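Examination of the molecular architecture
Take a look at the letters that make up each chain.
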Amino acid sequence: MARKMTGARMVLKALEDQGVAHMFGYPGGAVLPIYDEIYQQDKVQHILVRHEQGAVHAAEGYARSTGKPGVVLVTSGPGATNAVTGLTDALMDSIPLVCITGQVPTHLIGNDAFQECDTVGITRPCTKHNYLVKDVNDLSRVLHEAFYVALAGRPGPVVVDIPKDIQFATGEYTGPSKVRHKTYNPPVSGSQDAIRAAVELMGGAKKPILYTGGGVINSGPAASQLLRELAHITGFPVTSTLMGLGAYPASGKQWLGMLGMHGTYEANWAMHDCDVMVCIGARFDDRITGRIDAFSPGSKKIHIDIDPSSINKNVHVDIPIIGDVGHVLEEIIRVWKARSAEADKAAQKAWWKQIDKWRAKKSLNYKKRDDVIMPQYAIERLYELTKDKNTYITTEVGQHQMWAAQHYHFEDPNRWMTSGGLGTMGYGLPAAVGVQMAHRDALVIDIAGEASVQMTMQEMSTAVQYDLPIKIFILNNEYMGMVRQWQELLHEGRYAHTYSEALPDFVKLAEAMQCVGIRAEKPSELDAAIKEMIKVDKPVLFDCRVEQMANCFPMIPSGEAHNEMLLGDAEEEGDIKEAISEKGKVLV
Amino acid sequence: MNTSPAQSHYQSQTVSEQVETHTLSVLVDNEPGVLARVIGLFSGRGYNIDSLTVSETEHTAHLSRITVVTAGTPMIIDQIKHQLERLVPVHSVVDLTVVGTPMERELALIKVASKGEARVEALRLAEAFRAQVIDASTEHFVFELTGRLNKIEQFIMLMQPLGLVETARTGIAAIGRGKEPM
């Protein structure tokens, strides 16, 4: 039923009709009418951030921990440009967002007006789709379509740019429609022929592997359950990308750990040596494949993905299945159970024997020390002391992120929020704000580095304002550790600008920001300090002083293959500098 | 309009397939920014554009047809097609080169300034190529020529020594053979 109202009112009405409970934003001249409407209602709660990038990351954290779309509201010009990093991050990691931006009035567009920028031009390559609304009668349709596009198929961020005169103008509001979109209708269920061919191939596999990714998480919790069932009935080993952690439980017997550049020895060798690879909702990213012409040379590959452009992009696959992971897994399981042939048990037994040999390398091992906290040890203790609680983990980007992925073990989906594709330092703190907003009673921890955390530090104030007791667990090694690690690999250890000089005293900083500061410097005091952090019902900055020169292993140097991994002891044998070829040096 | 081929460091290690030229027909909603989305996709992902034409073809439905000639390995061509299909305002993408030998035509306007024997020769060749004279003075001709790419290339090459001063070309419009639409 159509109703007359102003554009600004329509925005709130549309959010309400879409079931939005929270939005993250920052006001400004070009969105004042919308903020005035926010003021006059209480169905949608607005969370005031301190920087627009923080609003988008918070919405990402909210979306990833709930499966619902995140909503952002920012003003024109700098509001929109500040949101660009977050939008790009959401695009790379396929996170559903609707970002509403204010715009100068339509008659001023193109005039270089105050706080004007070409928002749709700037965000075109970093959104799934974007709209500039030039007629108030289009506004409600566009807003509902934005939610549809953000969620349908491979999720992603959508920008709706609304000029200020459109917000003031009165027009017809229409509710969400169930009409099929005229052009954008991604397939959901995979082709039956492809599914049958895939089951046939899997049935004959002697050295199979399930390679899973963020698509399993994006498909919803049911998809993770189906993955577990598929693993159970086939007996196949399971590995996952950074984005997919938690879809299969880390305590599962068939779990090989994460694969890729900093993945485990067993996961990468199994990928290299397998004969049938089932890629489920992952995209053969360069962090995963390593040297692409040496990537899993002997395997037949099945690829399940909702996005046809992911198929054959980096790696040629033998059986593509275009569809939603949940739907496709359900069908695969049904066909697998219905078929008469048995899996090649004897061959699989030999395969597991081989995998156990690789596991025996214990590639995540490190040298424990009594005098200084090893960063891996800090994560291990954090895991042990929080695993039985209702815990959500976010991270920044760098060594700490990889150590978290290696040493914090996830049992469930939607518990792990990290910037995978774009690698955005500063993601974790605002993402934690978003997660905590959605899960008020949960324990939300941002595993951070001292460099990353300073990029979006101001969002501590947001956490304080909304009583969000997020825990910022900083592995402080006074270095941009991952960059430094690469300087060791590529540039003979010339540490150009990777030392974090002039660091703040994080404990005092926490106090100044009305948070709680805690510091741990010795392994002996770590457990008590972590327990104290968990107990405090306020935002905490935890300054965990760790061994400064530790590096992140295992590692596949760029330009190398899965079976050319560096293990932790490489550092002492002095071959880290020779580990990378001239050709590999140009890679990132 | 060429951009460098779509090769990241990683792909460049493995490209061994032949580069092929394909003509794609893309049916899109004629809305602001739609051409920018298509062109941005090509430049952003490092695909080639050899030729591009666009015009509204169905006025009531506000549909435009973009004809793009591109070059790449079969894997890249496939990528381009799928990436285009992902754009929200895109209705359909048809690779005319795969469907069958498409009919491709281009229109060129060619200005030749010369006197005497060269001028006579230019006009004689224009007749042989069935080019129309659409403007003339005692010192110049403007020819209108329609045809396949190689015919136009050939004509321009012949005009070069005869006083060619300017060329304007539309880019290729293409359509599939037979009675079925795309």
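Residues numbered from 1 in each chain as written. Chains lettered and ligands numbered in written order. Predicted model: local features only at pLDDT ≥ 70, side-chain atom pairs only at ≥ 80, totals over all residues. Heavy atoms only, no water.

Our next topic: the overall build of chain A. Helix and strand content of chain A: 22 helices and 20 strands. Relative to the 2.2 N^0.38 estimate, which gives 25 Å for 588 residues, the radius of gyration of chain A is 24 Å and therefore close to what a compact globule would have. Along the three orthogonal principal directions, the C-alpha set of chain A runs to about 70 × 60 × 45 Å. For chain A, the proportion of its 588 residues judged to be buried stands at 62%. Residue pairs in contact within chain A that sit at least 24 positions apart in sequence constitute 76% of those at least 6 positions apart. Roughly 22200 Å² of accessible area belongs to chain A as shown, and the carbon and sulfur atoms make up 51% of that amount. Considering chain A, the positive charge centre built from 59 side chains and the negative charge centre built from 71 side chains are found 5 Å apart. (Helix = DSSP H or I, 4+ residues; strand = E, 2+ residues; numbered from the N terminus. Rg over C-alpha atoms; globule rule 2.2 N^0.38 Å. Buried < 20%, exposed > 50% of the residue type's maximum accessible area, 1.4 Å probe, protein only. Contact = heavy atoms within 4.5 Å. Areas by Shrake-Rupley, 256 points an atom, 1.4 Å probe, with all protein chains shown as cover. Lys, Arg positive; Asp, Glu negative; His and termini not counted. Charge placed at Lys NZ, Arg CZ, Asp CG, Glu CD.)

What follows concerns the pattern of salt bridges. In this structure the tally under the stated criterion is 34 salt bridges over all chains. As a salt-bridge pair, Glu16(A) and Lys43(A) come within 3.7 Å of each other at their nearest N and O atoms. You can see Glu16(A) sitting in helix 1 (residues 7-17) and its partner Lys43(A) sitting in the loop between helix 2 (32-39) and strand 3 (45-48), a full 27 residues away along the chain. Asp29(B) is paired through a salt bridge with Lys182(A); the nearest N and O atoms lie 3.2 Å apart. (Salt bridge = Lys/Arg side-chain N within 4 Å of Asp/Glu carboxyl O.)

The next point concerns the domain arrangement of chain B. All names here are of chain B. Looking at the assigned domains, one finds that chain B contains domain 1 (9-99) and domain 2 (103-175). Centre-to-centre separation of domain 1 and domain 2, based on C-alpha positions: 29 Å. Taken together, the contact between domain 1 and domain 2 spans nine residues of the former and seven residues of the latter. Contact between domain 1 and domain 2 buries roughly 510 Å² in total, counting both sides, with carbon and sulfur atoms accounting for 53%. Linking domain 1 to domain 2 there are zero salt bridges. (Domains from an automatic or database assignment. Buried area = accessible area lost by both parts, 1.4 Å probe.)

On to the sheet that holds strand 4 (residues 70-74) of chain A, then. Residues and elements named next belong to chain A. On the basis of which strands lie adjacent, the open sheet formed by six strands has the order 3-2-4-5-7-6 and parallel pairing. Looking along the sheet, the strands with just one partner apiece sit at the ends: strand 3 and strand 6 (129-132). Within this sheet the neighbouring strands show an average axis-to-axis angle of 20°, counted without direction. Direction of pairing for strand 4 relative to strand 5 (residues 97-103): parallel, over a ladder of five bridges. Across the sheet, residue Leu73 finds its bridge partner in strand 5, namely Ile100. Each of strand 4, strand 5, strand 6 and strand 7 (157-163) touches helix 6 (residues 136-151); the most contacted strand, strand 7, lies at about 165° to it. (Pairing = 2+ DSSP bridges. Axes fitted to C-alpha atoms, helices over the stretch in contact; angles between N-to-C directions.)

A few words on the confidence of the model for chain B. Of the residues in chain B, 91% reach a pLDDT of 70 or more, and the chain-wide mean stands at 91. Counted against residues more than four places away or in other chains, residues 1-13 of chain B, with its pLDDT under 50, gives 33 contacts. (pLDDT = per-residue confidence, 0-100.)

A few words on the interface of chain B and chain A. Listed per partner, the contact involves 19 residues of chain B and 30 residues of chain A. Contact between chain B and chain A buries roughly 2200 Å² in total, counting both sides, with carbon and sulfur atoms accounting for 57%. For the pair chain B and chain A, the number of links is two salt bridges. Across the salt bridge formed by Arg86(B) and Asp307(A), the nearest N and O atoms sit 2.6 Å from each other. In this structure, the connection of chain B to chain A is made through six residue pairs in polar contact (both at pLDDT 80 or more). (Polar contact = N/O pair within 3.5 Å; in protein donor to acceptor, adjacent residues only side chain to side chain.)

This paragraph deals with the pairing of strand 3 (residues 63-72) of chain B. Residues and elements named next belong to chain B. Summarising burial for strand 3: 10 of the 10 residues are buried, a large majority. Of the two faces of strand 3, both are covered, the one formed by Leu63, Arg65, Thr67, Val69 and Ala71 as well as the one formed by Ser64, Ile66, Val68, Thr70 and Gly72. Looking at chain direction, strand 1 (residues 20-29) and strand 3 are connected through 10 bridges and run antiparallel. Paired with His22 across the two strands is Thr70, which belongs to strand 3. Pairing geometry for strand 2 (residues 51-58) and strand 3, over seven bridges, is antiparallel.

As a further point, take the sheet that holds strand 17 (residues 443-449) of chain A. Residues and elements named next belong to chain A. With parallel pairing, six strands are arranged side by side in an open sheet as 16-15-17-18-20-19. Here the strands that pair on one side only, and so sit at the sheet edges, are strand 16 (416-417) and strand 19 (516-520). Across two bridges, strand 15 (residues 391-395) lies against strand 16 in parallel orientation. The partner of Thr394 across the bridge, within strand 16, is Met417.

Turning to the side chain of Ser363(A), a few remarks are in order. Residues and elements named next belong to chain A. Mapped onto the elements, Ser363 comes out in the loop between helix 14 (345-359) and helix 15 (375-386). For Ser363, the side chain forms a polar contact with the main-chain nitrogen of Tyr265, separated by 3.0 Å. Not counting residues within four places of it along the chain, the set of residues in contact with Ser363 comprises Thr264, Tyr265, Glu266, Phe553, Pro554 and Leu567.

A word on the packing of helix 2 (residues 34-44) of chain B against helix 3 (residues 74-86) of chain B. All names here are of chain B. Look at helix 2 against helix 3: their axes get within 11 Å of each other, and the N-to-C directions meet at 145°. Considering only the axes of helix 2 and helix 3, their crossing is right-handed. Between helix 2 and helix 3, the residues in contact are Val38, Leu41 and Phe42 and Ile80, Gln83 and Leu84, respectively. Considering only residue class, the contact of helix 2 with helix 3 consists of five nonpolar, one polar and no charged. (Left-handed = near helix turned anticlockwise from the far one by under 90°. Nonpolar A, V, L, I, M, F, W, Y, C, P; charged D, E, K, R; others polar.)

All names here are of chain A. Domain assignment breaks chain A into domain 1 (3-173), domain 2 (192-359) and domain 3 (375-545). Of note, the centres of domain 1 and domain 2, computed from C-alpha atoms alone, are 37 Å apart. For the pair domain 1 and domain 2, the summed buried area comes to about 590 Å², and 49% of that belongs to carbon and sulfur atoms. Its largest share of buried area at the contact with domain 2, domain 1 owes to Arg64, Asp93 and Arg154, together 62% of the area lost on that side. One can count one salt bridge joining domain 1 with domain 2. With a closest N to O distance of 2.8 Å, Asp307 and Arg154 form a salt bridge. Applying the counting criterion to the domain 1 and domain 2 interface returns three residue pairs in polar contact (both at pLDDT 80 or more).

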